[in-house]
Amino acid sequence: MAWFSRTSDLLQRPDVEGQRQLLQRLSGKVQSAAGTKKLLSEHPSCLSVLVKLLSSSSAAVQEQAARVLGSIAQAETTFANRIAKTDGAITSLTALLSSKDSDIQLAAAWLLAHLGNSRANDKAVVQEPGALAGLVSLLSSRETDVQTAAIEALSNLSLESAANSERIGQEPGAITALTALLSSKDSDVRVKAAWGLAHLALDGPANRGAIGHEPGVLTGLVPLLRSREVDAQQAAAGVLRWLADYPANRERVGQQPGTIAGLAALLNSSQATVQRAAALALRSTALESPANSERIGQEPGAITGMTALLSSNDSVAQMAAAWGLAHLARECPANRGRIVQDPGALPGLVAQLSSREAKVQEAAAVALRWLAAGQYPENRERVGNEPGAVAGLAALLSSSHETVQRAAAFALRGIAFESPSNKDRIGQQPGAISGLILLLSSRHVHSVQCAAASALKNLACDCSANKRRIGQEPSAITGLIALLSSKDSDAQWAAAWVLAHLAESRGNDEGIGQEPGAVTGLVTLLSSSKARVQNAAVNALSNLALESPGNSKRIGQEPGAITGLTALLSSKNSDTQLEAAWALANLALEFRSNQEPICLEPGALTGLVTLLSSSKAGVQKAAVNALSNLALESPGSSERVGQEPGAITRLVALLSSSQASVQQAAAAALKCLASDSSANKDRISKEPGAIQGLAALQQLESSPDNTAAATLELLTRGEVLNHFMCLFKE
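This structure is a prediction, so every number in the text was calculated from the model and none was measured. (Residues numbered from 1 in each chain as written. Predicted model: local features only at pLDDT ≥ 70, side-chain atom pairs only at ≥ 80, totals over all residues. Heavy atoms only, no water.)

Student: Teacher, can you tell me more about the overall build of the chain here?
Tutor: Looking only at helices and strands, the chain features 51 helices and 0 strands. Over its C-alpha trace the chain gives a radius of gyration of 39 Å, far above what one expects of a compact globule, namely 27 Å for 730 residues. Principal-axis analysis of the C-alpha atoms places the extent of the chain at approximately 140 × 45 × 45 Å. Here the chain, with 730 residues, has 58% of them falling under the buried criterion. A fraction of 68% describes how many contacts in the chain between residues 6 or more apart in sequence connect residues 24 or more apart. For the chain, the exposed surface amounts to about 29,600 Å²; the carbon and sulfur share of it is 49%. For the chain, the distance from the average position of its 63 positive side-chain charges to the average position of its 65 negative side-chain charges is 4 Å. (Helix = DSSP H or I, 4+ residues; strand = E, 2+ residues; numbered from the N terminus. Rg over C-alpha atoms; globule rule 2.2 N^0.38 Å. Buried < 20%, exposed > 50% of the residue type's maximum accessible area, 1.4 Å probe, protein only. Contact = heavy atoms within 4.5 Å. Areas by Shrake-Rupley, 256 points an atom, 1.4 Å probe, with all protein chains shown as cover. Lys, Arg positive; Asp, Glu negative; His and termini not counted. Charge placed at Lys NZ, Arg CZ, Asp CG, Glu CD.)

Student: Hey, could you run me through helix α38 (residues 531-545) in this one?
Tutor: Helical geometry: 3.6 residues make up each α-helical turn, so side chains three or four residues apart lie on a common side. Here α38 contains 15 residues, and its C-alpha end-to-end distance of 21 Å stays within 8% of the 21 Å for a straight helix at 1.5 Å per residue. Counting buried residues along α38, 13 of its 15 residues qualify, which places the element largely inside the surrounding structure. The positive-phi residue at the C-terminal boundary of α38 is Glu547, with phi of around 55°. (Expected span 1.5 Å × (residues − 1).)

Student: Even after reading the chapter, I still don't get the nonpolar core, so can you show me in this structure?
Tutor: Within soluble globular proteins, side chains that are nonpolar generally end up buried alongside one another. Among the nonpolar cores identified, the biggest contains 247 residues, and Leu115 and Leu221 are the most heavily contacted of them. Sorting elements by how many residues they give to this core places helix α35 (residues 489-503) first, with 11 residues. Sequence-distant contacts of Leu221, defined by excluding residues within four places in its chain, comprise Leu182, Ala194, Ala236, Val239, Leu240 and Leu243. (Core = buried A, V, L, I, M, F, W, Y, C linked by side-chain atoms within 4.5 Å.)

Student: I tried to follow the side chain of Ser628 on my own but got confused; where do I start?
Tutor: Along the chain, Ser628 falls in helix α44 (residues 617-631). Take Ser628: its relative accessible area is 8%, and that puts it in the buried class. Setting aside its immediate chain neighbours within four residues, Ser628 contacts Ala668, Ala669 and Cys672.

Student: Is there a simple way to think about the packing of helix α41 (residues 574-590) against α44 in this case?
Tutor: The relative placement of two packed helices is expressed as an angle between their axes plus a distance between the axes. At a closest axis distance of 8 Å, the pairing of α41 and α44 adopts a crossing angle of 20°. With respect to their mutual orientation, α41 and α44 come out roughly parallel. Along this stretch, α41 crosses α44, giving a crossing that reads as left-handed. Judged by residue contacts, Ser574, Gln577, Leu578, Ala581, Trp582, Ala585, Ala588 and Leu589 of α41 engage Gly618, Val619, Ala622, Ala623, Asn625, Ala626, Asn629 and Leu630 from α44. The class makeup of the residues in the contact of α41 with α44 is 11 nonpolar, 5 polar and no charged. (Axes fitted to C-alpha atoms, helices over the stretch in contact; angles between N-to-C directions. Parallel < 35°, antiparallel > 145°, perpendicular 65-115°, else oblique. Left-handed = near helix turned anticlockwise from the far one by under 90°. Nonpolar A, V, L, I, M, F, W, Y, C, P; charged D, E, K, R; others polar.)

Student: Is there a simple way to explain the confidence of the model for the chain in this structure?
Tutor: Parts of the prediction with low pLDDT should not have their coordinates interpreted in detail. Taken over all residues, the pLDDT of the chain has a mean of 92, while the share at 70 or more is 95%. Counting interchain partners and residues more than four positions distant, the pLDDT-below-50 stretch residues 718-722 has 1 contact. (pLDDT = per-residue confidence, 0-100.)

Student: Even after reading the chapter, I still don't get the side chain of His327, so can you show me in this structure?
Tutor: Tracing the chain through its elements places His327 in helix α23 (residues 315-331). Among all residues touching His327, those that are not within four sequence positions of it are Arg283, Ala286, Leu287 and Ser293.

Student: Explain helix α39 (residues 549-557) to me, please; I cannot follow it from the model alone.
Tutor: Along α39, the residues classified as buried are Asn551, Ser552, Ile555 and Gly556. Buried residues in α39, looked at end-on, bunch into an arc of 130°, giving them a common side. Buried residues along α39 sit in contact with α36 (506-514), α37 (518-525), α38, α40 (561-568) and α41. (Arc of directions from axis to C-beta.)

Student: I would appreciate a short explanation of unusual backbone geometry in the present structure.
Tutor: Most peptide bonds are trans, and most residues other than glycine sit at a negative phi. In this structure, Glu288 takes a positive phi of about 50° despite not being glycine. Glu288 gets classed as exposed once you look at its relative accessible area, which sits at 54%. We note that Glu418 has phi near 50°; this positive angle belongs to a residue other than glycine. Note that Glu418 resides in the loop between α29 (402-416) and α30 (420-428). Judged by relative accessible area, Glu418 falls into the exposed class, the value being 54%.

Student: Got a minute to help me understand the environment of Pro223 in this structure?
Tutor: Within the fold, Pro223 resides in helix α16 (residues 217-225). Given a relative accessible area of 39%, Pro223 falls into the partly exposed group. Measuring from C-alpha to C-alpha, the distance between Pro223 and Gly258 comes to 8.4 Å, with 35 residues separating the pair along the chain.

Student: Help me out: how do you make sense of the pattern of salt bridges in this one?
Tutor: Side-chain pairs of opposite charge can arise where the charged atoms are in close proximity. Per the counting criterion, the structure on display carries 16 salt bridges. Put simply, Arg592 and Glu633 hold a salt bridge, and the shortest N to O gap is 3.0 Å. Within this pair, whereas Arg592 is found in the loop between α41 and α42 (595-600), its partner Glu633 is found in the loop between α44 and α45 (635-643), the two being separated by 41 residues in sequence. Exposure remark for Arg592: the relative accessible area of 34% places this residue in the partly exposed category. (Salt bridge = Lys/Arg side-chain N within 4 Å of Asp/Glu carboxyl O.)

Dropping the structure here:
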């Protein structure tokens, strides 16, 4: 190795020709990592000498010095790091970017590309004054190899560095020049430019908007999708993926002629990396975009291609395909039928529920959720019927990943929605209901608890068997009650609805009512700022009180219960008004001691009387029943109802309702009012239209228990009867 020592000495002499020749010889000696390592080990000053020669007065020496340093940097990353740390190296290379000699520019750009390939150096290069500007200027070089070297340098500097990507993206002319090179006549330059843009978009979110707005970028990328070069296809799909990931670009990407067709075609590529890139791009394009999702769904081969990737050996491709199908189904209901009809879609998604990758499991569960969603019962049945679907989702409830648990719970919720057969399948599946109940106490985010509660809500709705199964499950009631105090209104809503459904089963209602915190929690929710939470809570309280004296007593004695229900009589939501009226009706009927507190509650009677004029027959009937139950066998309460302004007048008006059930309820209410109050008898008898309305209703009623007739008899014992009946006959 003695020649190394002689070479180092000669390189420091002012003999330019000698330096050039020796540099040329040295270039051949440092091609191997072993030779370079030995040189740097025995002659540590060698790098300093070579760096100084970058500032030689001879262009040939500058070029040769840059090339030798490039070979050293390329041999091993640690060598590149040592060059970058050598005094003056980056500054000298930056100066060479402005050389008039394209060979020097090329050598300097490539050396910077090698240095920028190490995260230990990239920051120093980017922060060097003039470095980025010099590289960007070379993008406009007439020499394609110089353009390629500059692109490579910028690409390496931006890769895996958000800060560097942002600085490069902000460098005047950088994005514009890279975009222009997408149309270069040189295929290598086109591909390198696409990768450069991909790296800027990948690690610089702020760049995605700038690139997306650059004229010509989409038209430049589309031909690359149709290229025969795998690298070109992958690069173009990568740029489109990250551009579509930026919401402001998404529609433009989808609308650009050729993008969706090109990406769909790449799903059938023989290269897994290309398939993956295309699937990821389509996923981003479909995200939160109904229009793009519709375009993709209608594109021949798109759904079939994604479905095929569910069986890929590449877990990223599987995940991308599953998420793509999930987005397509979520954003465009028409796609749900298209996907379900694809022979491989459901089996493929169900198979991915057993993947070793949590992200793949999550994606498959989310896709199944949206395929079962909405007003497409035939899809829901097909998903529920798919072998392994329910079992696979039930198994995922015990995943160690909260996102997977949440996705599985929401999928089961969707499958159970308004499907008696699916409700029963899930209810009978070992681990399904018990798994959901365990998630009610999840230590993770509220969304997991909410997903579990909402699934139980759909399972319990109109399914007696599941109500029994849930009610018998240890910790079910306590878990639901705990969620009533959640900070998440969605969790409160779902938990209250589950309790409402469970309370419809007489085997559950007493257990719920006796559970500490149940009534208190529901009453608290009557004052929620969310109307749907109020509605769920009032439904639960109404069902708990129905045919349950014990629960009616507990609710009536709960501080704030009657007040809260009374306030909801004035709700803007007619369903909430209806349930609040029914709740008061049930409380008054099942525990008579509630009658007086309700009547004395400010606004209760007034609110009920107001609802008699509702445009909803169901609300009218509920209010009538509440007033009737308040007056039932309670002279004091009956008198208060009778004295309430408008009560008797509106009840009489309802005798002429178009709804027979409302007519009968009104007649029954008038009977209750008259039974224990002579004053009420007199009020009703004197009310215009009362006797006539009851008489007319009497003739219409065919049942043996003629309420109108009984009410008439009660009211008209004596001469009043003859008088009014004569008037009626006339």
